[in-house]
Amino acid sequence: RDGTLARVTLRRLQGADGRVLWTETFPVPLDMGSLHVLADAVELKVRDAYPGHRLRPGVPKLAVQDRDYAAFLEVNRRIDKGAVSLEPELARLEEIVRTSPRFLEAQTLAARLALNLFKSRRDVAFLERASELVQQARGLSPEDPRPLRQELEIALVASRPQDAEEILSRLERLLSGDPELLVLRARLAERQGRID
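Residues numbered from 1 in each chain as written. Predicted model: local features only at pLDDT ≥ 70, side-chain atom pairs only at ≥ 80, totals over all residues. Heavy atoms only, no water.

With respect to the packing of helix 3 (residues 86-99) against helix 4 (residues 104-121)
Then, in step 1: Across the interface, helix 3 lies against helix 4 with an axial gap of 9 Å and an inter-helix angle of 150°. With respect to helix 4, the axis of helix 3 lies roughly antiparallel. Read as a crossing pair, helix 3 and helix 4 show a hand that is left-handed. Facing helix 3, whose interface residues are L86, E87, E89, L90, L93, I96 and V97, helix 4 presents A106, Q107, L109, A110, L113, A114, N116, L117 and R121.
Then, in step 2: Taken together, the residues of the contact of helix 3 with helix 4 sort by class into eleven nonpolar, two polar and three charged. (Axes fitted to C-alpha atoms, helices over the stretch in contact; angles between N-to-C directions. Helix = DSSP H or I, 4+ residues; strand = E, 2+ residues; numbered from the N terminus. Parallel < 35°, antiparallel > 145°, perpendicular 65-115°, else oblique. Left-handed = near helix turned anticlockwise from the far one by under 90°. Contact = heavy atoms within 4.5 Å. Nonpolar A, V, L, I, M, F, W, Y, C, P; charged D, E, K, R; others polar.)

A word on the nonpolar core
Then, in step 1: Residues Y69, F72, L90, L93 and F103 are the most contacted members of the largest nonpolar core, which totals 29 residues.
Then, in step 2: Elements with a contribution of two residues or more to this core: helix 1 (35-49), helix 2 (66-81), helix 3, helix 4, helix 5 (124-140) and helix 6 (145-157).
Then, in step 3: Sequence-distant contacts of Y69, that is, excluding residues within four places in its chain, are made with L35, A39, L62, V64 and F103.
Then, in step 4: Counting residues in hydrophobic clusters, the runner-up holds twelve residues, among them L152, I167, L184 and L188. (Core = buried A, V, L, I, M, F, W, Y, C linked by side-chain atoms within 4.5 Å. Buried < 20%, exposed > 50% of the residue type's maximum accessible area, 1.4 Å probe, protein only.)

A closer look at the pairing of strand 2 (residues 20-29)
The two faces of a sheet get side chains in turn, since along a regular strand they alternate between them.
Then, in step 1: As paired strands, strand 1 (residues 5-13) and strand 2 are joined by nine bridges and run antiparallel to one another. Among the inter-strand pairings, R12 is bridged to a residue of strand 2, identified as W22.
Then, in step 2: Connecting strand 1 to the next strand, strand 2, in antiparallel fashion are six residues, including G18 with a positive phi near 80°. (Pairing = 2+ DSSP bridges.)

Some details on the pattern of salt bridges
Then, in step 1: Applying the stated rule across the entire model yields 23 salt bridges.
Then, in step 2: Taking the shortest distance from any N to any O, the salt bridge between D17 and R19 comes out at 3.7 Å.
Then, in step 3: Classification of R19 as partly exposed rests on a relative accessible area of 47%.
Then, in step 4: Between R77 and E74 there is a salt bridge; the shortest N-O distance is 2.7 Å. With a gap of three residues between them, R77 and E74 both fall in helix 2, about one helical turn apart.
Then, in step 5: The class for R77 is partly exposed, based on a relative accessible area of 39%. (Salt bridge = Lys/Arg side-chain N within 4 Å of Asp/Glu carboxyl O.)

Looking at the environment of G193
Then, in step 1: Here G193 lies in the segment after helix 8 (180-191).
Then, in step 2: For G193, a relative accessible area of 55% translates into the label exposed.
Then, in step 3: Between the C-alpha atom of G193 and that of P29, which follows or precedes it by 164 residues, the distance is 54 Å.

Side note on helix 2
Since the α-helix packs 3.6 residues into each turn, any two residues three or four apart lie on the same face.
Then, in step 1: Relative to the 22 Å expected for 16 residues at 1.5 Å per residue, helix 2 spans 23 Å between its end C-alpha atoms, a close match to the ideal helical length.
Then, in step 2: Three or more residues of helix 2 are buried, namely D68, Y69, A70, F72, V75 and I79.
Then, in step 3: G82, located one to two residues past helix 2, shows a positive phi value of around 85°. (Expected span 1.5 Å × (residues − 1).)

Quick look at the layout of surface pockets
Then, in step 1: The calculated volume of the largest pocket comes to roughly 860 Å³.
Then, in step 2: Contributing to the lining of the largest pocket are 28 residues, with E43, L55, V59, P60 and E105 lying nearest its centre.
Then, in step 3: Put simply, the parts of the chain that give the lining of the largest pocket at least two residues each are helix 1, helix 2, helix 4 and helix 6.
Then, in step 4: Tallying contributions element by element places helix 1 first for the lining of the largest pocket, with eight residues.
Then, in step 5: Looking at the lining of the largest pocket, its residues break down into 17 nonpolar, one polar and ten charged.
Then, in step 6: Computed from the structure, the second largest pocket encloses a volume of approximately 230 Å³.
Then, in step 7: Contributing to the lining of the second largest pocket are E105, T108, L109, R112, L115, N116, K119, R146, R149, Q150 and E153.
Then, in step 8: For the lining of the second largest pocket, the secondary-structure elements that each account for two or more residues are helix 4 and helix 6. (1 Å grid on protein atoms, 1.4 Å probe; cavity = no way out; pocket = protein on both sides within 12 Å on 5 of 7 lines; lining within 4 Å. Points joined across faces, edges and corners; volume = space filled by probe spheres on them.)

Structure below.
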């Protein structure tokens, strides 16, 4: 922090040995009205860190009001710290989704909380809410794997293996070679009773 500015440092590390491949430090304003400036600056710098790599097609631009973004970051921070009651946080996220309906990250986090609430309470209303939020998120970004992963989780929890198989096939096309697919495929096989 330096007065009304903060210095942000980003690093790209080599996964195999932790070697620093790229680093960049840049100033950004600290006020809540400049959160988009921070997000845009980070996006540009990360693109610089990965020359020759393109964004995944269909990834939406950050579409959120500044106050909603600030509220989202607070909710996310509390959830990351743990030991919070999920229902009030879900209500806060749903309010953010109402006022910034194109904010994909709020929808996916709200869907995750609703699904976790269903798992802990077995209240079908939470499962239905998670499904609605995931469908809204998929409408915003049909080729983004994050809502698809959540849709797969919902299908597994709701014991709909045929739906899960179809969703996993779409994920495999989008994320070819991603090792997480092996874990997802194993979870589906387990749900289908194919323990071998």
